[in-house]
Amino acid sequence: MKTSFAFRALLGFSLLLATAAHLPAQATDTAPRRGTVSGRLFDGQTQEPIPHSYVVVLRAADGRFVKSVETDANGHFRATGLPLGTYTVRTTVLGYHKVGPVLALRAGQPAHALGTVVMVPLNMPLVARADKKAWAKRSAPVAELEPRRPAVRVRS
């Protein structure tokens, strides 16, 4: 059976349109495969940022090292390019209680902002839960006399 050039051209053009219709749908379905963790380290006693200290990101499953970043002069840090998964964030600031929040980076939420991470010095008692409103209303003299200290993490 002979086919005309017009019939073959029409068949080829329709196949080309059918495959092209599926390509944009596949491109939009791809979610980001990398995530970001950010925050700020803050001294709970002096109410000042903690500059030039390291924040280490570890895999939560086995504690393997993934990435470390240094805080800037204002205590801000940002770890980018993390594969999606569950992580523990550790600080390497000496003289403070240990901080290790666990967070999950998922396709729907690849960025996680820890907010202000308040570091409590070792000479101050660590409380399980602080009153966030009292912490927000603090002043320098009140913070010195206050028997309760801020929790390890306060979201801003």
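Since this is a predicted model, take the numbers as computed values, not measurements.

A. Molecular detail of the pattern of salt bridges. Going through the model one piece at a time under the given rule, you end up with two salt bridges. A salt bridge links aspartate 62 to arginine 59; the shortest N-O distance between them is 2.5 Å. The salt bridge partner of arginine 64 is aspartate 62, with a shortest N-O separation of 3.7 Å. For arginine 64, a relative accessible area of 54% translates into the label exposed. In the salt-bridge network here, residues are joined through shared partners; they are Arg59, Asp62 and Arg64.

B. The pairing of strand E1 (residues 34–43), seen in detail. Most of E1 is tucked away: eight of the ten residues are buried. As paired strands, E1 and strand E4 (residues 76–83) are joined by six bridges and run antiparallel to one another. Along E4, the bridge assignment pairs serine 38 with arginine 78. Sheet topology places E1 next to strand E7 (residues 111–119); seven bridges connect them, and they run parallel. Residue aspartate 43 lies in a different strand from E7, and its bridge partner there is methionine 119.

C. Molecular detail of the nonpolar core. Counting residues in hydrophobic clusters, the biggest one holds 19 residues, and the most contacted among them are Val37, Leu41, Phe77, Leu82, Leu103, Leu114 and Met119. Every element with two or more residues in this core is listed here: E1, strand E2 (54–59), E4, strand E5 (85–91), strand E6 (102–105) and E7. Dropping the residues within four chain positions of it, leucine 41 is found in contact with Pro49, Ile50, Ser53, Val55, Thr71, Gly75, Phe77, Thr91, Val93, Val117 and Met119.

D. Structural detail: the sheet that holds E6. Across the sheet, which stays open at both edges, the four strands sit in the order E3-E2-E5-E6 with antiparallel pairing between neighbours. The open sheet has two edge strands, strand E3 (65–70) and E6, and neither has a second partner. Neighbour to neighbour, the strand axes of the sheet diverge by 30 degrees on average, direction disregarded. Looking at chain direction, E2 and E5 are connected through five bridges and run antiparallel. The partner of leucine 58 across the bridge, within E5, is threonine 88.

E. View of unusual backbone geometry. Of note, the phi angle at glutamine 47 is positive, near 55 degrees, even though the residue is not glycine. A positive phi angle is found at histidine 52, which is not glycine, with a value near 55 degrees. Mapping histidine 52 onto the fold places it in the loop between E1 and E2.

So, how was this worked out
- Residues numbered from 1 in each chain as written.
- Predicted model: local features only at pLDDT ≥ 70, side-chain atom pairs only at ≥ 80, totals over all residues.
- Heavy atoms only, no water.
- Salt bridge = Lys/Arg side-chain N within 4 Å of Asp/Glu carboxyl O.
- Buried < 20%, exposed > 50% of the residue type's maximum accessible area, 1.4 Å probe, protein only.
- Helix = DSSP H or I, 4+ residues; strand = E, 2+ residues; numbered from the N terminus.
- Pairing = 2+ DSSP bridges.
- Core = buried A, V, L, I, M, F, W, Y, C linked by side-chain atoms within 4.5 Å.
- Contact = heavy atoms within 4.5 Å.
- Axes fitted to C-alpha atoms, helices over the stretch in contact; angles between N-to-C directions.

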